[in-house]
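Examining the three-dimensional arrangement
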Amino acid sequence: MRLGVKTLALVVLFSATGISYAGNVGPDEVKLVDGKIAMSLTGSNGDAAKGRDIFINRKQGNCLACHVNKEISEQAFHGKVGPPLDGVAGRWDEAELRAILVNSKKVLGEETIMPSFYRLINGTRTMKKFKGKTILSAEQVEDVLAYLKTLKEE
Amino acid sequence: MNINIKILSATVGICAISVSLIGQAFADADNDKLVVDGKVITTQAKAPADSELEKLYSGWRFRADETQSLQMDDFENPAFVAVDQAEDQFAMVEGKAGKSCADCHSDVTDFKGLRATLPRWNEAKGKPETLEHIINECRTDRMEAKAWKWEAPEMLGMTALIGLQSRGMPVAVKSDGPMQSVWKKGKDLYYTRVGQLDMSCASCHENNYGKMIRADHLSQGQINGFPVYRLKWGGLGSIHRRFKGCMQNIRAKPYKRGSDEFVALETYLATRGNGLSVETPAVRN
């Protein structure tokens, strides 16, 4: 019941700004301040187990393409384009990690090769089927974030 | 049949090697030497003065030993099936003029050096030309035969055969004179971030070569070995096919094969490899 009221309030709040998913913060509405995004994009906590799958999946996060992660040692082929993510939760807090996922360019630098997983303005000539879409959904970003928060060991 | 088994075992070998690389420092080209037919082929060269690269390395230097070895012996190199067919094609009469390539070019060895200078400016057409353009101009204008499609097996075989005549010679493609604007356009394309993943060619091949991106060892993206036989393709593929694949991987809409954009990109990339040896036909995984 309480949850229902909150959701309703969010819908009312965001309908004025033309958001696509009821309850979720749209990519245009994200408040990234000083390298942090304080609020969950979905209003709730993500699912770490789902986040782990997204991290691996080549069509979703594909994070393993660039990052070594000991916690996923059952998977072959960890890339080395980015730093290892072992213990990443000890180096960045939740709000910072969310900001890196949403818009890596605003935290790691405009030149970074790391994709921005929840913003709409990317390179030119984006394929039709990906145009106007973010790489991950708000839920998926929160799921990956929940998983990253479990990576405490160096 | 024999070839298929070889390729299969090579692929299995590559997987095994890559697995053992995880967690190990592996940050550059390897030190292997490429010798074919007793001839040493330069896979490393001093970077030109204006280069963004410290040193030039052929893509061969970034491949696993199994893939490398396929390119060290023309009997093992699966591209030579197509090269042999192209030799027959060279002597074959086609088109209304009743001519074969051999009627005008007595020997394919006449083309020694050509591959190393392409793309180049075509004064008569007022346009840059690639090897594919030159071959098709002969077919349509002099043989009065149908032009081959960019990625047709005949075109791939012929570009491999003609390219092979320059094997071991240093790439020396011009970026000045009338080619300057083409080169400049190619350079802009090389550094433009494209696609939903928002990357440029430089993101991978200039800033991160030598590193693993998942199972792939990133090279400098040199084109001195094209057309290459790719085990994944199970056949030869053109430079423009490779460009297309790389663009699609970053979720960008590729330009068409033979488009002005890809010709410009080819021109720019060719000059980035000036000094490396022509390796056509190379083998890649």
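A brief structural summary. This one's a predicted model, so the numbers in the text were calculated from it and none came from an experiment.

Conventions used here
Residues numbered from 1 in each chain as written. Chains lettered and ligands numbered in written order. Predicted model: local features only at pLDDT ≥ 70, side-chain atom pairs only at ≥ 80, totals over all residues. Heavy atoms only, no water. Helix = DSSP H or I, 4+ residues; strand = E, 2+ residues; numbered from the N terminus. Rg over C-alpha atoms; globule rule 2.2 N^0.38 Å. Buried < 20%, exposed > 50% of the residue type's maximum accessible area, 1.4 Å probe, protein only. Areas by Shrake-Rupley, 256 points an atom, 1.4 Å probe, with all protein chains shown as cover. Lys, Arg positive; Asp, Glu negative; His and termini not counted. Charge placed at Lys NZ, Arg CZ, Asp CG, Glu CD. Axes fitted to C-alpha atoms, helices over the stretch in contact; angles between N-to-C directions. Parallel < 35°, antiparallel > 145°, perpendicular 65-115°, else oblique. Contact = heavy atoms within 4.5 Å. Nonpolar A, V, L, I, M, F, W, Y, C, P; charged D, E, K, R; others polar. Salt bridge = Lys/Arg side-chain N within 4 Å of Asp/Glu carboxyl O. Polar contact = N/O pair within 3.5 Å; in protein donor to acceptor, adjacent residues only side chain to side chain. Patch = residues over 30% accessible without salt bridge, like charges linked within 9 Å, V, L, I, M, F, W, Y side chains within 5 Å. Buried area = accessible area lost by both parts, 1.4 Å probe.

Attention now goes to the overall build of chain B. Regarding its fold elements, chain B presents ten helices and eleven strands. Here the C-alpha atoms of chain B give a radius of gyration of 19 Å, agreeing with the 19 Å that 2.2 N^0.38 yields for 285 residues. In terms of principal-axis extent, the alpha carbons of chain B reach across some 60 × 45 × 35 Å. When each of the 285 residues of chain B is scored for burial, the buried share is 55%. Surface accessibility of chain B: about 13100 Å² in total, with carbon and sulfur atoms responsible for 53%. Averaging the coordinates of the 37 positive side-chain charges in chain B and doing the same for the 36 negative ones gives two points 6 Å apart.

The next point concerns the packing of helix H9 (residues 239-249) of chain B against helix H10 (residues 260-272) of chain B. Residues and elements named next belong to chain B. It is the contact of H9 with H10, at a shortest axis distance of 10 Å, that shows an interaxial angle of 100°. As far as their axial angle goes, H10 and H9 are roughly perpendicular. Of the residues in H10, those touching H9 at Ile239, His240, Phe243, Lys244 and Met247 are Phe262, Val263, Leu265, Glu266 and Leu269. Residue composition of the contact of H9 with H10, grouped by class: seven nonpolar, one polar and two charged.

Turning next to the side chain of arginine 214 of chain B. Here arginine 214 of chain B shows up in the loop between strand E7 (212-213) and strand E8 (216-217). The buried charged residue arginine 214 of chain B lacks any salt bridge, with glutamate 74 of chain A as its nearest oppositely charged partner at 8.8 Å. Of note is the side chain of arginine 214 of chain B, whose polar atom sits 2.8 Å from the backbone oxygen of phenylalanine 77 of chain A. Residues in contact with arginine 214 of chain B, not counting those within four places in the same chain, are Ile56, Arg58, Asn62, Leu64, Ala65, Gln75, Ala76, Phe77, His78 and Gly79 of chain A.

Here the focus is a positive patch on the surface. Judged by side-chain charge, Lys128 and Lys131 of chain A together with Lys253 and Lys256 of chain B come together as a positively charged surface patch. On the basis of relative accessible area, lysine 131 of chain A is assigned to the exposed category, the value being 54%.

This paragraph deals with the interface of chain B and chain A. Contacts between the two partners involve 31 residues from chain B and, on the opposite side, 31 residues from chain A. Carbon and sulfur atoms supply 56% of the area that chain B and chain A bury against each other, a total of about 2600 Å² over both sides. The largest contributions to the chain B side of the interface with chain A come from Gln196, Arg214 and Arg251 of chain B, which together make up 36% of the buried area. Counting every contact that joins chain B to chain A gives two salt bridges. Across the pair arginine 119 of chain A and aspartate 198 of chain B runs a salt bridge, and its minimum N-O distance is 2.9 Å. Applying the counting rule to chain B against chain A returns 20 residue pairs in polar contact (both at pLDDT 80 or more). Those elements that place two or more of their residues in the side of chain B that touches chain A are helix H1 (2-21), helix H8 (201-205), E7 and H9 of chain B. Among the elements that take part in the side of chain B that touches chain A, H1 of chain B stands out by supplying three residues, more than any other. Partitioned by chemical class, the residues of the side of chain B that touches chain A number 16 nonpolar, nine polar and six charged.

Right, let's get into the environment of lysine 128 of chain A. Residues and elements named next belong to chain A. Relative to the assigned elements, lysine 128 resides in the loop between helix H5 (104-108) and helix H6 (138-148). The exposed category is assigned to lysine 128, whose relative accessible area is 76%. Sequence-wise, lysine 128 and phenylalanine 77 are 51 residues apart; in three dimensions their C-alpha atoms are separated by 30 Å.

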